Amino acid sequence: MTVSVPSRHHTIADDLRRQIATGRIQPGERLRSEADLADRYKVSTVTLRRALSVLQVEGLVEKIHGKGNFVRLPLRKIMYVGGWGTLDPWTAADAALRVTVRTTTVQAHGQLATLLNVPAGSPLAEFSCLSLEGASPHGLARIYIPRDLASAGVLDESAYREAVTRFAVLGPAPAAVRETVCARPPTPDEASTLRIGPTVPVLAITRTATDPAGRVVEAALLAFPGDRIDAVFTTHHVIDERQTQG
């Protein structure tokens, strides 16, 4: 019979995981430096970093550039309400949560040109929104609007500030909202922005909003770490009156 022996980095990860679970290392606490931990476990820094990578992928440890490795604080989940295309207003308005917003102008190419049904190279207003609890990211939204709509005053700050907090449609109420939802690995940019490992699944939502004439007035690309989001979709069945009258 062959007995498998755990690799050294998994043994180290198991020991650190046990210390976190038993409270010897507290949430929010900074771990000892990688050099100190490597010396303690009598391994190379390469092996030590592989052990820390296991815990980072599990969401137990977060590496903050220039500061070190920290035990993650327990994160509350936020709720995405499908059909309305928005974060639940109760959780989104929590005082512990905040949203940073960056705005710029980009050109429509590839997926964006297709989603918005505009010619390649068309100018778009981009709103890059990051939801955070303390320093920990909860979700990322990139919202795109044809520049001719944005320049028409649709998006003055007083109008969209409350909506952007909920990752909602920024312009006037649309006639229809279409959402495509999938679970997938993060892109390198998403992994960096959300500070998650490359194998941690994200809930990705592609949303388009159309006006009564059928024009796409907004497209949004949203990504949430899978352990920090719940999504709810409600279906309303329409009864055919012809059947009830038969």
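Conventions adopted
- Residues numbered from 1 in each chain as written.
- Predicted model: local features only at pLDDT ≥ 70, side-chain atom pairs only at ≥ 80, totals over all residues.
- Heavy atoms only, no water.
- Core = buried A, V, L, I, M, F, W, Y, C linked by side-chain atoms within 4.5 Å.
- Buried < 20%, exposed > 50% of the residue type's maximum accessible area, 1.4 Å probe, protein only.
- Helix = DSSP H or I, 4+ residues; strand = E, 2+ residues; numbered from the N terminus.
- Phe/Tyr/Trp six-rings, centres within 6.5 Å; stacked < 30°, edge-to-face > 60°.
- Arc of directions from axis to C-beta.
- Contact = heavy atoms within 4.5 Å.
- Pairing = 2+ DSSP bridges.
- Axes fitted to C-alpha atoms, helices over the stretch in contact; angles between N-to-C directions.
- Salt bridge = Lys/Arg side-chain N within 4 Å of Asp/Glu carboxyl O.

Here's the deal with the nonpolar core
Here is step 1 of the chain: Judged by nonpolar contacts, the single largest core of 23 residues is most densely connected at Phe127, Leu170, Leu222 and Phe224.
Here is step 2 of the chain: Mapped onto this core, the elements with two or more residues apiece are β3 (78-81), β6 (123-133), β7 (136-146), α7 (157-165), β9 (202-210) and β10 (216-225).
Here is step 3 of the chain: In this structure, Leu16, Ala38, Leu48 and Val71 belong to the second largest nonpolar core, which totals 17 residues.

Details of the packing of aromatic side chains
Each aromatic ring pair is specified by the distance between its two centres and by the angle formed by the two planes.
Here is step 1 of the chain: All chains considered together, the criterion is met by two aromatic pairs.
Here is step 2 of the chain: Chaining the aromatic ring pairs together yields one cluster made of Tyr80, Phe167 and Phe224.

A look at helix α2 (residues 34-41)
Here is step 1 of the chain: Looking only at α2, the buried set comprises Glu34, Leu37, Ala38 and Tyr41. Burial along α2 is one-sided: seen end-on, the buried residues are contained in an arc of 100 degrees.
Here is step 2 of the chain: Residues of α2 that are buried sit in contact with α1 (8-21), α3 (45-57), β1 (61-64) and β2 (68-71).
Here is step 3 of the chain: Positive phi appears at Lys42, one or two residues downstream of α2, with a value of about 60 degrees.

Focus on the sheet that holds strand β4 (residues 86-87)
Here is step 1 of the chain: Ordered by their spatial adjacency, three strands build an open sheet running β4-β3-β11, and the pairing between neighbours is mixed. Because the sheet does not close on itself, it has two edges, and the strands there are β4 and β11 (229-232).
Here is step 2 of the chain: Relative to β4, β3 is paired through two bridges, and the arrangement is antiparallel. Among the inter-strand pairings, Val81 is bridged to a residue of β4, identified as Thr86.

A few points about the sheet that holds strand β8 (residues 176-184)
Here is step 1 of the chain: The antiparallel open sheet is built from six strands, whose spatial order is β5-β6-β7-β10-β9-β8. The open sheet is flanked by β5 (97-107) and β8, the only strands paired with a single partner. Between one strand axis and the next, the sheet turns by 15 degrees as a mean value, whatever way the strands run.

What to know about the pairing of β1
Here is step 1 of the chain: In terms of strand pairing, β1 meets β2 through four bridges, oriented antiparallel. Considered in β2, the bridge of Glu62 is made with Phe70.
Here is step 2 of the chain: Between β1 and β2, which pair antiparallel and follow one another directly, the connecting turn spans three residues, one of which, Gly66, has a positive phi of 85 degrees.

Examining the pattern of salt bridges
Here is step 1 of the chain: According to the stated counting rule, one finds 12 salt bridges in the structure shown.
Here is step 2 of the chain: Between Asp14 and Arg17 there is a salt bridge; the shortest N-O distance is 2.6 Å. Placement of the pair is Asp14 and Arg17 together in helix α1, with a separation of three residues, close to one helical turn.
Here is step 3 of the chain: Relative accessible area serves as the criterion here: at 24%, Arg17 is assigned to the partly exposed category.
Here is step 4 of the chain: Between Arg72 and Glu62 there is a salt bridge whose closest N-O contact spans 3.8 Å. Remark: Glu62 occurs in strand β1 and Arg72 occurs in the loop between β2 and β3; sequence separation between them is 10 residues.
Here is step 5 of the chain: Residue Arg72 is classed as buried on the basis of its relative accessible area of 10%.
Here is step 6 of the chain: On the basis of relative accessibility, which here comes to 7%, the residue Glu62 falls in the buried class.
Here is step 7 of the chain: By sharing partners, the salt bridges in this structure join Asp15, Arg18 and Arg40 into a single network.

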